[in-house]
Amino acid sequence: MQTLTVDVWRGREDGHLQRFEVPRYPSQTVLDVVTYIQRHLDATLSYRFACRVGMCGSCAMVVNGRARWTCRTHVDKVAPEGRMEVRPLRNLAIVKDLVSDMTEFFDKWTRARGYFVPTRTRREPFAQVRPDSKERQAADAGIECIGCGVCYSSCDVVSWNRDYLGPAALNRAWTLVNDVRDGARAERLRAVAGDAGCLACHTHLSCTERCPKQLAPTASIAGLKRATALAALKGEL
(Lines give C-alpha, C1' and ligand atoms only; values in the text may rest on other atoms or scores of the structure.)
Protein backbone atom coordinates (compact mmCIF):
# COMPACT_ATOMS: atom_id res chain seq x y z
CA MET A 1 0.00 0.00 0.00
CA GLN A 2 1.21 3.51 -0.79
CA THR A 3 1.77 5.89 2.11
CA LEU A 4 1.51 9.64 2.52
CA THR A 5 4.05 11.65 4.51
CA VAL A 6 2.21 14.28 6.54
CA ASP A 7 3.74 17.03 8.68
CA VAL A 8 1.15 18.25 11.20
CA TRP A 9 1.39 21.26 13.50
CA ARG A 10 1.39 20.34 17.19
CA GLY A 11 1.04 22.61 20.20
CA ARG A 12 0.38 26.35 20.18
CA GLU A 13 2.25 29.31 18.64
CA ASP A 14 5.58 27.95 19.90
CA GLY A 15 4.80 24.42 18.71
CA HIS A 16 6.38 22.27 16.03
CA LEU A 17 5.63 20.02 13.08
CA GLN A 18 5.26 16.29 13.74
CA ARG A 19 5.62 13.78 10.94
CA PHE A 20 3.23 10.89 10.34
CA GLU A 21 3.03 8.15 7.73
CA VAL A 22 -0.56 7.63 6.63
CA PRO A 23 -1.96 4.97 4.24
CA ARG A 24 -3.00 6.36 0.86
CA TYR A 25 -6.54 5.61 -0.31
CA PRO A 26 -8.55 6.53 -3.43
CA SER A 27 -10.62 9.73 -3.18
CA GLN A 28 -8.98 10.53 0.15
CA THR A 29 -9.51 14.04 1.54
CA VAL A 30 -7.19 15.99 3.81
CA LEU A 31 -9.80 15.69 6.57
CA ASP A 32 -9.71 11.91 6.11
CA VAL A 33 -5.94 12.04 6.65
CA VAL A 34 -6.19 14.14 9.82
CA THR A 35 -8.95 11.89 11.15
CA TYR A 36 -6.83 8.78 10.49
CA ILE A 37 -3.94 10.28 12.44
CA GLN A 38 -6.18 11.11 15.41
CA ARG A 39 -7.94 7.75 15.46
CA HIS A 40 -5.05 5.41 14.69
CA LEU A 41 -1.72 7.12 15.35
CA ASP A 42 -2.08 9.84 18.00
CA ALA A 43 -5.34 10.30 19.89
CA THR A 44 -4.09 13.58 21.42
CA LEU A 45 -4.26 15.43 18.08
CA SER A 46 -6.82 18.25 18.25
CA TYR A 47 -8.74 19.49 15.22
CA ARG A 48 -12.19 20.80 14.39
CA PHE A 49 -14.84 19.50 11.99
CA ALA A 50 -18.59 18.95 11.86
CA CYS A 51 -20.46 18.21 8.64
CA ARG A 52 -17.70 16.72 6.42
CA VAL A 53 -19.60 17.82 3.29
CA GLY A 54 -18.60 21.47 2.77
CA MET A 55 -21.55 23.06 4.58
CA CYS A 56 -20.18 24.29 7.93
CA GLY A 57 -16.64 25.43 7.13
CA SER A 58 -15.34 24.41 10.56
CA CYS A 59 -12.64 22.10 9.15
CA ALA A 60 -10.66 24.94 7.52
CA MET A 61 -6.89 24.56 7.87
CA VAL A 62 -3.76 25.61 6.01
CA VAL A 63 -2.70 22.81 3.67
CA ASN A 64 0.66 23.18 1.92
CA GLY A 65 0.62 26.91 2.63
CA ARG A 66 -2.94 27.65 1.52
CA ALA A 67 -6.12 27.92 3.60
CA ARG A 68 -8.71 25.36 2.51
CA TRP A 69 -11.70 23.35 3.62
CA THR A 70 -10.06 20.02 4.38
CA CYS A 71 -13.27 18.07 3.81
CA ARG A 72 -13.43 19.24 0.19
CA THR A 73 -9.69 19.09 -0.55
CA HIS A 74 -8.55 15.82 -2.12
CA VAL A 75 -5.07 14.56 -1.38
CA ASP A 76 -4.45 13.82 -5.07
CA LYS A 77 -4.77 17.54 -5.86
CA VAL A 78 -2.50 18.93 -3.15
CA ALA A 79 0.01 16.14 -2.58
CA PRO A 80 0.63 14.36 -5.89
CA GLU A 81 4.16 13.45 -4.74
CA GLY A 82 2.98 12.00 -1.44
CA ARG A 83 3.98 14.82 0.93
CA MET A 84 1.72 17.25 2.75
CA GLU A 85 1.90 19.87 5.49
CA VAL A 86 -1.13 20.79 7.62
CA ARG A 87 -1.27 23.81 9.93
CA PRO A 88 -4.00 25.80 11.71
CA LEU A 89 -5.45 28.90 10.08
CA ARG A 90 -3.13 31.91 9.90
CA ASN A 91 -3.84 35.27 11.57
CA LEU A 92 -5.59 33.64 14.52
CA ALA A 93 -4.41 32.44 17.91
CA ILE A 94 -3.93 28.68 18.23
CA VAL A 95 -5.95 26.82 20.84
CA LYS A 96 -4.06 23.57 20.27
CA ASP A 97 -2.65 21.76 17.25
CA LEU A 98 -4.98 22.43 14.28
CA VAL A 99 -7.65 24.29 16.24
CA SER A 100 -7.70 28.08 15.76
CA ASP A 101 -9.35 30.47 18.20
CA MET A 102 -12.09 32.20 16.18
CA THR A 103 -12.85 34.80 18.87
CA GLU A 104 -10.95 37.61 17.14
CA PHE A 105 -12.60 36.75 13.83
CA PHE A 106 -16.14 37.04 15.17
CA ASP A 107 -15.32 40.01 17.41
CA LYS A 108 -14.50 41.89 14.22
CA TRP A 109 -17.91 40.98 12.80
CA THR A 110 -19.36 42.74 15.83
CA ARG A 111 -17.09 45.77 15.38
CA ALA A 112 -18.25 45.99 11.75
CA ARG A 113 -21.88 45.92 12.92
CA GLY A 114 -22.32 42.62 11.16
CA TYR A 115 -25.70 41.95 12.70
CA PHE A 116 -29.18 42.81 11.51
CA VAL A 117 -30.98 45.73 13.19
CA PRO A 118 -34.72 45.41 12.54
CA THR A 119 -36.99 48.34 11.82
CA ARG A 120 -40.25 46.46 12.41
CA THR A 121 -41.71 44.59 15.33
CA ARG A 122 -43.05 41.04 15.16
CA ARG A 123 -46.58 42.45 15.25
CA GLU A 124 -46.10 44.26 11.93
CA PRO A 125 -46.39 42.62 8.50
CA PHE A 126 -43.30 40.97 7.04
CA ALA A 127 -41.11 43.27 4.96
CA GLN A 128 -41.18 42.45 1.26
CA VAL A 129 -38.00 42.77 -0.78
CA ARG A 130 -38.19 42.22 -4.52
CA PRO A 131 -35.62 39.59 -5.66
CA ASP A 132 -34.83 41.65 -8.76
CA SER A 133 -34.20 44.90 -6.90
CA LYS A 134 -30.74 46.46 -7.11
CA GLU A 135 -30.22 46.29 -3.35
CA ARG A 136 -31.29 42.66 -3.09
CA GLN A 137 -28.94 41.62 -5.89
CA ALA A 138 -26.06 43.47 -4.24
CA ALA A 139 -26.79 41.70 -0.95
CA ASP A 140 -27.08 38.33 -2.70
CA ALA A 141 -23.49 38.60 -3.94
CA GLY A 142 -22.07 38.02 -0.47
CA ILE A 143 -24.91 36.59 1.60
CA GLU A 144 -23.75 32.95 1.34
CA CYS A 145 -20.70 33.52 3.57
CA ILE A 146 -20.65 30.93 6.37
CA GLY A 147 -17.80 32.44 8.40
CA CYS A 148 -15.23 29.69 7.84
CA GLY A 149 -12.25 32.06 8.14
CA VAL A 150 -10.44 31.00 4.95
CA CYS A 151 -10.42 34.56 3.60
CA TYR A 152 -9.26 35.96 6.95
CA SER A 153 -6.41 33.46 7.09
CA SER A 154 -5.43 34.34 3.51
CA CYS A 155 -5.46 38.13 4.01
CA ASP A 156 -2.02 39.77 4.04
CA VAL A 157 -3.42 43.03 5.40
CA VAL A 158 -4.63 41.23 8.54
CA SER A 159 -1.08 39.88 8.96
CA TRP A 160 0.33 43.43 8.83
CA ASN A 161 -2.45 45.19 10.71
CA ARG A 162 -4.20 43.13 13.38
CA ASP A 163 -6.80 45.86 13.86
CA TYR A 164 -8.01 45.43 10.27
CA LEU A 165 -11.56 44.09 10.29
CA GLY A 166 -10.83 41.58 7.56
CA PRO A 167 -12.70 40.49 4.42
CA ALA A 168 -15.41 38.38 6.07
CA ALA A 169 -16.57 41.10 8.47
CA LEU A 170 -16.52 43.73 5.72
CA ASN A 171 -18.39 41.42 3.34
CA ARG A 172 -21.05 40.95 6.00
CA ALA A 173 -21.26 44.71 6.53
CA TRP A 174 -21.76 45.26 2.80
CA THR A 175 -24.54 42.68 2.73
CA LEU A 176 -26.37 44.52 5.51
CA VAL A 177 -25.73 47.95 4.00
CA ASN A 178 -27.77 46.72 1.03
CA ASP A 179 -30.54 45.20 3.16
CA VAL A 180 -33.41 47.67 2.87
CA ARG A 181 -35.01 46.24 6.03
CA ASP A 182 -32.01 47.10 8.23
CA GLY A 183 -32.07 50.22 10.40
CA ALA A 184 -28.37 50.76 11.15
CA ARG A 185 -26.89 51.71 7.78
CA ALA A 186 -25.32 54.98 8.94
CA GLU A 187 -23.79 53.43 12.07
CA ARG A 188 -22.44 50.53 10.02
CA LEU A 189 -20.78 52.81 7.46
CA ARG A 190 -19.13 54.75 10.28
CA ALA A 191 -17.90 51.49 11.79
CA VAL A 192 -16.16 50.37 8.57
CA ALA A 193 -14.87 53.77 7.45
CA GLY A 194 -11.90 54.03 9.84
CA ASP A 195 -8.25 53.10 9.40
CA ALA A 196 -9.02 49.48 10.27
CA GLY A 197 -11.98 49.29 7.90
CA CYS A 198 -12.57 49.07 4.17
CA LEU A 199 -10.00 51.72 3.24
CA ALA A 200 -7.20 49.53 4.62
CA CYS A 201 -7.80 46.89 1.94
CA HIS A 202 -4.95 46.72 -0.60
CA THR A 203 -7.03 44.76 -3.14
CA HIS A 204 -4.66 41.79 -3.26
CA LEU A 205 -7.67 39.58 -4.12
CA SER A 206 -6.41 36.69 -1.97
CA CYS A 207 -9.78 36.50 -0.20
CA THR A 208 -11.68 36.30 -3.47
CA GLU A 209 -9.26 33.81 -5.01
CA ARG A 210 -9.45 31.42 -2.07
CA CYS A 211 -13.06 31.67 -0.93
CA PRO A 212 -14.48 28.10 -1.03
CA LYS A 213 -17.95 29.54 -1.74
CA GLN A 214 -16.70 31.48 -4.79
CA LEU A 215 -17.73 34.77 -3.19
CA ALA A 216 -15.93 38.05 -3.90
CA PRO A 217 -15.18 39.88 -0.63
CA THR A 218 -12.94 42.25 -2.58
CA ALA A 219 -15.97 43.46 -4.54
CA SER A 220 -17.93 43.92 -1.30
CA ILE A 221 -15.08 45.97 0.16
CA ALA A 222 -14.97 48.09 -3.00
CA GLY A 223 -18.71 48.70 -2.55
CA LEU A 224 -18.10 49.85 1.02
CA LYS A 225 -15.38 52.22 -0.19
CA ARG A 226 -17.85 53.82 -2.59
CA ALA A 227 -20.61 53.97 0.01
CA THR A 228 -18.40 55.50 2.72
CA ALA A 229 -16.97 58.05 0.27
CA LEU A 230 -20.48 59.11 -0.76
CA ALA A 231 -21.59 59.29 2.88
CA ALA A 232 -18.56 61.43 3.71
CA LEU A 233 -19.38 63.85 0.89
CA LYS A 234 -22.91 64.14 2.28
CA GLY A 235 -21.56 64.78 5.77
CA GLU A 236 -23.07 61.58 7.18
CA LEU A 237 -19.89 60.10 8.69
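Keep in mind it's a predicted model, so treat the numbers as computed, not measured. (Residues numbered from 1 in each chain as written. Predicted model: local features only at pLDDT ≥ 70, side-chain atom pairs only at ≥ 80, totals over all residues. Heavy atoms only, no water.)

(A) The packing of helix H3 (residues 103-111) against helix H7 (residues 167-177), seen in detail. Packing of H3 against H7 brings their axes to within 8 Å, and their N-to-C directions diverge by 30 degrees. One way to sum up the angle between H3 and H7 is to call them roughly parallel. Crossing geometry of H3 relative to H7 is assigned as right-handed. Of the residues in H7, those in contact with Phe 105, Lys 108 and Trp 109 of H3 are Ala 168, Ala 169 and Arg 172. (Axes fitted to C-alpha atoms, helices over the stretch in contact; angles between N-to-C directions. Helix = DSSP H or I, 4+ residues; strand = E, 2+ residues; numbered from the N terminus. Parallel < 35°, antiparallel > 145°, perpendicular 65-115°, else oblique. Left-handed = near helix turned anticlockwise from the far one by under 90°. Contact = heavy atoms within 4.5 Å.)

(B) Geometry of the pairing of strand E1 (residues 3-10). Within E1, seven of the eight residues are buried, which leaves it mostly tucked inside the rest of the structure. Bridge count between E1 and strand E2 (residues 16-23): eight bridges; the pairing is antiparallel. Its bridge partner lying in E2, Leu 4 is registered against Val 22. Hairpin connection from E1 to E2: five residues lie between these consecutive antiparallel strands, with Gly 11 at a positive phi of about 90 degrees. Judged from the four bridges that link them, E1 and strand E5 (residues 83-87) form a sheet pairing that is parallel. From the neighbouring strand, Asp 7 faces E5, where its bridge partner is Glu 85. (Buried < 20%, exposed > 50% of the residue type's maximum accessible area, 1.4 Å probe, protein only. Pairing = 2+ DSSP bridges.)

(C) Representation of the nonpolar core. Membership of the largest hydrophobic core comes to 59 residues, with the highest contact counts inside it found for Val 6, Met 84, Leu 98, Tyr 164 and Leu 224. Per-element accounting of this core gives the leading share, six residues, to H7. Leave out the neighbours within four places in its chain, and Leu 224 touches Leu 170, Ala 173, Trp 174, Val 177, Leu 189, Val 192 and Cys 198. (Core = buried A, V, L, I, M, F, W, Y, C linked by side-chain atoms within 4.5 Å.)

(D) Quick look at helix H10 (residues 217-233). With 17 residues, H10 extends 24 Å from end C-alpha to end C-alpha; this agrees with the ideal 24 Å at 1.5 Å per step. Residues of H10 that are buried make contact with H7, helix H8 (185-192) and helix H9 (206-210). Note on H10: the residue one or two positions beyond its end, Gly 235, has a positive phi of about 75 degrees. (Expected span 1.5 Å × (residues − 1).)

(E) Representation of the side chain of Thr 218 in the model. Relative to the assigned elements, Thr 218 resides in helix H10. With relative accessibility at 9%, the residue Thr 218 sits in the buried group. Setting aside chain neighbours within four positions, we find Thr 218 in contact with Thr 203, Leu 205, Cys 207 and Thr 208.

Geometry only, nothing functional implied.
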